[in-house]
Amino acid sequence: MPRSDLSIAMVGSGGDGVVTMGDMIAQAGARDGLNVIKVEAYGPQIRGGESSTTVRVAANDIYAQADHVDILVVFNWKDFARFKGEITVAPDAIILSEAKDETEVDGADLGAGPNATWIKVPFIDLAKESAGTTLAKNIVTLGLLSELFNLPQKPLKRAIEKKFSKKKAEVLEANIKGFTAGIDFAKTLGEDVGDRRLEYTPGEPRLLMSGNEAAAVGAIHAGCRFFAGYPITPSSEVLHFLSEWLPKAGGSVVQTEDELAAIGAVIGGSFAGVKSMTATSGPGLALMTEMLGLAAMAEVPAVIFDVQRGGPSTGLPTKSEQSDLWQALYGSHGDAPRVVLAPADVEDCFHSTVDAFNIAEEYQIPVIVLSDQNIAQRRETLSMLTLDHEVKERLAPTAEQLEDYKRYEITPNGVSPMTWPGIKGGQYQTNGLEHDEYGRPTSMHLVHEKMNEKRYRKLRPIRDDYHFIRQYGPDDADLGILCWGSSKGPVKEAVLKANARGVKVAAFVPQVLYPFPKHEFEEFLRRIKEFIVIELSFSAQFYKYLRTFLELPEGHTHIFKRSGGKNLTVAEVEEQIAAILPRAATKREVLV
Amino acid sequence: MPRSDLSIAMVGSGGDGVVTMGDMIAQAGARDGLNVIKVEAYGPQIRGGESSTTVRVAANDIYAQADHVDILVVFNWKDFARFKGEITVAPDAIILSEAKDETEVDGADLGAGPNATWIKVPFIDLAKESAGTTLAKNIVTLGLLSELFNLPQKPLKRAIEKKFSKKKAEVLEANIKGFTAGIDFAKTLGEDVGDRRLEYTPGEPRLLMSGNEAAAVGAIHAGCRFFAGYPITPSSEVLHFLSEWLPKAGGSVVQTEDELAAIGAVIGGSFAGVKSMTATSGPGLALMTEMLGLAAMAEVPAVIFDVQRGGPSTGLPTKSEQSDLWQALYGSHGDAPRVVLAPADVEDCFHSTVDAFNIAEEYQIPVIVLSDQNIAQRRETLSMLTLDHEVKERLAPTAEQLEDYKRYEITPNGVSPMTWPGIKGGQYQTNGLEHDEYGRPTSMHLVHEKMNEKRYRKLRPIRDDYHFIRQYGPDDADLGILCWGSSKGPVKEAVLKANARGVKVAAFVPQVLYPFPKHEFEEFLRRIKEFIVIELSFSAQFYKYLRTFLELPEGHTHIFKRSGGKNLTVAEVEEQIAAILPRAATKREVLV
Amino acid sequence: MSAPEVTYKPGDFKTDLKPVWCPGCGDFGVLNALYRAMASLSLEPWNTVILSGIGCSSRLPGYVATYGFNSVHGRALALATGVKVARPDLTVIAVGGDGDGMAIGGNHLMHSCRRNLDVTYILMDNEIYGLTKGQTAPTTPTGDKTKSSYWGNPEPAVDPVELAISTGATFVARGFSGDLKNLTAMIQRGIEHRGFSFINVMSPCVTWRGDSQYQLLKAKLQELPEDYDPTNRASAVKYTRETDVLTTGVLYEAGGPTIGDRVEHIRMMAQEGGKVPTTREILERFMPSM
Amino acid sequence: MSAPEVTYKPGDFKTDLKPVWCPGCGDFGVLNALYRAMASLSLEPWNTVILSGIGCSSRLPGYVATYGFNSVHGRALALATGVKVARPDLTVIAVGGDGDGMAIGGNHLMHSCRRNLDVTYILMDNEIYGLTKGQTAPTTPTGDKTKSSYWGNPEPAVDPVELAISTGATFVARGFSGDLKNLTAMIQRGIEHRGFSFINVMSPCVTWRGDSQYQLLKAKLQELPEDYDPTNRASAVKYTRETDVLTTGVLYEAGGPTIGDRVEHIRMMAQEGGKVPTTREILERFMPSM
Ligand SMILES: Cc1ncc(C[n+]2csc(CCOP(=O)(O)OP(=O)(O)O)c2C)c(N)n1
Ligand SMILES: Cc1ncc(C[n+]2csc(CCOP(=O)(O)OP(=O)(O)O)c2C)c(N)n1
Ligand code: SF4
Ligand code: SF4
Ligand SMILES: [Mg+2]
Ligand SMILES: [Mg+2]
């Protein structure tokens, strides 16, 4: 039966070129208007070690990586060992492996069932024969895959031409021969695999980008013109992209000596009137928390884009986890207001970043955007992003206000007009000490109380203005799922699938975590009787956070939490639904 | 009517010697076995500015500063302005002020009522006449106060002799003359103030120390032999004391270049097998959170003594607040287990520090002790501390375990035997990456999950072993107060006073905050129907934390939270009790 | 700096905040010298930013009527980097103490020197932690007893001037807070210098180092020889390790591009067409290219 | 170091963990030289501690069968300070990359030099951030294009050797990972030296700096003259700023007390009576004294 949705994993090492393969399939898919999600993974070796790439291409909407791949290409079973447990195949998968590799493989280990199709392909020989070099193995494979599964063949060929366009003509020629050899070999395989072809109508080309790239573009869109950062996996792509593009936009980038300097420079740049941002991951955010408090206290806009990875400490630097939540919400000493946003997919990374700048500037407050490795580094197809996302600016004082300028004037919404250097008569002297309306240091309790009130008062209008929240499923669901960030993908997919089967499950995914969207949560809680919180944090950071604001019904609130290091799967969500729903139904009868 | 409990505040500036006065009264009180609590406060000037000292001396038990002072000495009303709102007098207070100062004072501003006694004293003239210098003003005052209020006169005189023993004989002589002049002047004042004399029977001398000093002694007692720290108010006294005493105990002290280095050196020293500690305050703790995660991940014992001050940012460096709670509980990225202890008075600072080392060593986990400026810097009388506080040591592997040494062996209680350099065959290579039982880096999800479990498993026995919790008041109280840290003082005093009047109110004060003593809390919650959480944090950090673990009864849980900068008063607690109790009674009737 | 429109008197730069400093503190001298230098340069207060960390000395920005930022301990230069790179048109001055600049802030100092950040950095060196009441600083002489070194400071003192020269500062001077005239001139030259200007001002702490510090310093101070050539790096370095004398004056001065110049150059390269790309144009880069 | 009981072969120091380094990475050379130096010194593995931060190079402790600690980015020397001051009897070695040691860890390096901490610090300098996939390091030459400097690195490179000398290290050397013999000798001397030994090893990154880096470095390297006198600080400093040549060898070596010596001296003074006070004795100090 032809498919509208196909996942392919390719595993090899160093010279096998599997990463290039993944890129080309993704590019070709995007070119033909398909939906694509592509991820990569690596072994511990810095280079030349095991690597894998998994591409999902589909004619229908997709929200996450697939749980199981339909097609697995293995150049070397030894390399595959590294990904055991990370890459599993569908029971009826097609497994294409190097003919020369005689390793015994237990299909059950991969997840393969009796219906799986095992094909030995002489990749090495085909490459050598056709292109004259084993290096062309991946190109042979692309030919083979495109023919077997109806992957966009023309765009693939053009991608190959592009890749080798700068090399000698013979090189290109050899690779085209390799591509053709793959196609030809596929034809010899006959009908066995013919029923797994992708069925689709080519459409308009789509964007193909990662969450980090989307965030970087969002920053420029929002008017960011100064970036200071220190490299750290998995956030460095933000720095990389902006190092090229921010100067084009008339801005500047500094790679600082550490994260302390980065957040310091951001506060400095912003104080100087330029929209400023940094990007980091858990360890870097930890180093920034002291100065997060400074931004809160001196009321300087600041955007901190944090890409979560596995922790604690250096942890699992290349893997995703949702465990920077607590330090984002609670890091820093004293009562230090900040805003925490949480994009849930690649496109969100653009919009959340624009929102972050808007909130930071409008409310003179630090804003943390909590992305994670999953959405940050995967490449995903998107329609041209909504480009009319409004951009907001800082409130400057009127000429009249400047006459007796109170930088920290107490106002109904907590926002005081803010000047910046260059504005004549707008000079003020600020600090991280408690201060009065003019910014003059004080340690008087009463001033402290008033100023705390003022600083926290700003959170109310933010909560009222920003309703970035997603909900899926029916209003009268039997089960409500509460989750955040990249968990949205598999949760949404599971919910929509369940709904399609008539199972009444709903999901609630807030993109604003703090100020807490209490009203919206309570609306959701009111309609539904049974809940589950799903998150990738061993200590259930999200669940515990929810408890601080919500009365989660005792005995009717479940938790599915686990460590990161492996992305959440649709199956995990489905299992939870399956396990709880019958019980929920029983309970409800009892209640009635 | 004679008193068993007297509070005296003295206010002056630079050369007035009010701090010395406070010290001498406190020393003299301790010498005669009285209970003493002494605090100081300063204006913004680094030196020579306004200063105040308040001493409470009592024959009965006392738990906090008094809300109002019975006696106020003011050398200069301009200096007093700085402390308006911080120092209030009892309605019937005695106010002794410099005769030469003609400032008009509104008694109501101070809290004085129509019964207050206002006495102008020619401090300057008396000092000049008797001692030949105005510098002796404070000594004159001591004579006067001792005579008027029956403060321990002999010890005071000895204190003066000691103070000037190293100066020329004339200097001592002059001061003794001043002291006598004060006494003589007092006699001229007659019966007006005679009814405010302190009534007590002299007892054995008592210790007089601050929380920071108690913590430093606790550290040495617990076996700490390495201290690395960076100065910061209000924790520096720990460094100061240990810089003198740790070398005497055979240990060593490094003043590092910053807090990052301090916590790093502590982890290094501890890894090397030496019990190690650092001390800091909010801003420093913020800088330490990255490496807090390292200690959690590499399972290295580490004690971090944090003295809270007003925040956010530089905030109110010399004032108390309970707002480092969140960063102590939640600081650092990833799921990073740590233990958080909370001493509630000076003596606790000793015991909590010993507990901290015991827990850190026994469970190989970082332990944060959350003190605050209030208990850290006030001086208080104590009986000789309980010196039999048991000291625990690290679990080393057996010879058999060393044969195939697994540094991170998974065990039932999560604790793996730990070697240190010098132990032959005990070598291991550790890191902050996720690792297997041997400490070898991995990014495998399954290992990560198991290791998270192992690291968190240690919290269970800690929770079961350490029941450092205080409760006051009857089991069948109508109102239960939940508080922590230095709030204990005024809360305990208010509760005991209320109980004495037959008002049924109880208080619960945990000295272990994390792992959360859920069982004990729930016991307390079960017995009582109405609650109030009391804390000095604008954003109600303690209340929100309690919510994550407890089902606080909706509609029956009140909050009294405010910013720091002023210590909690007994009156504030009493007001809350008075406001809630009648309502509680009504509600209970409705419930029944 | 463009030609000034108005002229200023030193007093014009005063705010109405009273310094918290102890009577006799060296920092008063630095503040006065700064007022004078700013006045003679006719710095426009609204185009000038003064930043600091935490310490007695770091209170200074509160006393100057420009844009000012008394930030957190050790980070004055981190903030200054942001201000100057984001807004190269502004005059940026950073100030702080020896602990702020050489202990917790040492890394930012080193890297600001390396980058040749066009900022004037005035380090008020009192060889002690003033604000926190008298602990050892990285410039405290070995053996000195302080609150945190009961048995005497076990660490050698760092020479801030040597550090600045060897890590790449292009203007390095040593001054004395008690010498208003020379200090004013030095600060003025520092602000005029294009690149990182480092001015180490010996600024006694009467409270924690006693009167003796002032006397001791005064006795050790010595001006540079008349014919001194500050462009010679090697000879500059020679003046840093003296122990019996402390030479004041501009020890080193050099040219060379600042980080700002280099960032500006990058902007020029990047904006070859002169046009700022729209979001849509940027997104084009993510269309499958084949 | 006490007289060794046994002798070791370099291979005895190997753990069974396979290095994650790329084939051809310079760090292999450093590891091998270290194994050899340790063997010739017969260092007892259980009395030796190797610490590092984060980076490709910082993985090294995992490959040496002593006590080892691969800590967090930039903090190798912070931990080493604790190990050595708390346990002066141990041999302590710290290792790391140019980013780890000169960027985020720069402050600890400077202060370890100043304190003359008795630790051997080996900086594997590949002029790039290896582990994070090729961003600019503080030692990356100006103008070089890296992942984080698309338009070319706008910052001058720092010379770690100059920094170490000018901040007080008492043993400063420059080596090359491709020169096993000299490097081994240098590391051995560094470990034997009493005080802070700083060894800046040029250690090419084949992955992010390409083959050319190795060739370029090799061409620039030059040994010290035979008659070189490493005790002369001024002449040592001269060898740090050359641009066409990179001189390898022990550039500087001096005596002087370490922080450990000074702390030990304090302990001696403090423990005059030789007796550790009991808690009760300490508490006596808090009894009212009159
Ligand atoms: C992160 C942090 N650590 C420590 C402190 C405490 N602190 C404030 S100022 C200071 C040092 C003051 O010395 P210096 O920088 O020399 O300035 P001075 O007061 O002598 O002018 C310290 C340690 C702090 N505010 N923040
Ligand atoms: C606090 C923190 N910031 C950033 C990182 C990311 N990081 C890991 S290694 C590294 C730099 C690696 O370069 P280098 O120290 O030169 O070592 P190399 O890999 O080149 O040997 C960085 C930036 C981190 N782990 N922690
Ligand atoms: S303590 Fe020292 S540095 Fe601080 S204001 Fe006083 S004299 Fe100046
Ligand atoms: S990336 Fe460079 S430094 Fe890292 S292991 Fe590979 S060659 Fe070595
Ligand atoms: Mg100082
Ligand atoms: Mg490097």
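Definitions and limits used
Residues numbered from 1 in each chain as written. Chains lettered and ligands numbered in written order. Predicted model: local features only at pLDDT ≥ 70, side-chain atom pairs only at ≥ 80, totals over all residues. Heavy atoms only, no water. Phe/Tyr/Trp six-rings, centres within 6.5 Å; stacked < 30°, edge-to-face > 60°. Helix = DSSP H or I, 4+ residues; strand = E, 2+ residues; numbered from the N terminus. Lys NZ or Arg CZ within 6 Å of the ring centre and 35° of its normal. Contact = heavy atoms within 4.5 Å. Buried area = accessible area lost by both parts, 1.4 Å probe. Salt bridge = Lys/Arg side-chain N within 4 Å of Asp/Glu carboxyl O. Polar contact = N/O pair within 3.5 Å; in protein donor to acceptor, adjacent residues only side chain to side chain. Nonpolar A, V, L, I, M, F, W, Y, C, P; charged D, E, K, R; others polar. Domains from an automatic or database assignment. Buried < 20%, exposed > 50% of the residue type's maximum accessible area, 1.4 Å probe, protein only.

(A) Summary view of the packing of aromatic side chains. Residues and elements named next belong to chain A. Overall, the coordinates contain 60 aromatic pairs over all chains when judged by the stated rule. Taken together, a centroid distance of 6.1 Å and an interplanar angle of 75 degrees make the contact between Y405 and Y428 edge-to-face. Placement of the pair is Y405 in the loop between α15 (399–403) and β15 (429–431) and Y428 in the loop between α15 and β15, with a sequence separation of 23 residues. Geometry around F538 places K561 over its ring, the cationic atom sitting 3.9 Å from the centre.

(B) Seen up close, the interface of chain C and chain D. Across the contact, 29 residues belong to chain C and 29 residues belong to chain D. Ranking the residues of chain C by area buried against chain D places R114, W151 and E155 of chain C at the top, with a combined share of 23%. One can count six salt bridges joining chain C with chain D. Among the ionic pairs, E162 of chain C bridges to R233 of chain D, the shortest N-O distance being 3.1 Å. Summed over the shared surface of chain C and chain D, the number is 14 residue pairs in polar contact (both at pLDDT 80 or more). For the side of chain C that touches chain D, the secondary-structure elements that each account for two or more residues are α3 (98–104), α4 (106–115), α5 (160–167) and α9 (259–270) of chain C. Considering every element that reaches the side of chain C that touches chain D, the biggest residue donor is α4 of chain C, with six residues. Of the residues belonging to the side of chain C that touches chain D, the class tally is 15 nonpolar, seven polar and seven charged.

(C) Local environment of the domain arrangement of chain A. Residues and elements named next belong to chain A. Taken domain by domain, chain A consists of domain 1 (5–201), domain 2 (209–386), domain 3 (395–466) and domain 4 (469–586). Opposite the 25 residues of domain 2 that make contact, domain 4 presents 26 residues. When domain 2 packs against domain 4, the two sides together hide about 2200 Å² of surface, and 53% of this comes from carbon and sulfur. Three residues stand out in domain 2 for area buried against domain 4, namely Q322, L325 and W326, and they jointly supply 31% of the buried area on that side. Applying the counting rule to domain 2 against domain 4 returns two salt bridges.

(D) Fine view of the pattern of salt bridges. Tallying each qualifying case throughout the model produces 88 salt bridges over all chains. For D348 of chain A, the salt bridge goes to R470 of chain A, with nearest N and O atoms at 2.4 Å. Here D348 of chain A is found in helix α13 (residues 346–363), whereas its partner R470 of chain A is found in strand β16 (residues 469–472), with 122 residues between them in sequence. Close ionic contact of D89 of chain D with R87 of chain D constitutes a salt bridge, the shortest N to O distance being 2.9 Å. On the basis of relative accessible area, D89 of chain D is assigned to the exposed category, the value being 52%. Residues joined in a network through salt bridges with shared partners are E257 of chain A, R114 and R115 of chain C together with E155 of chain D.

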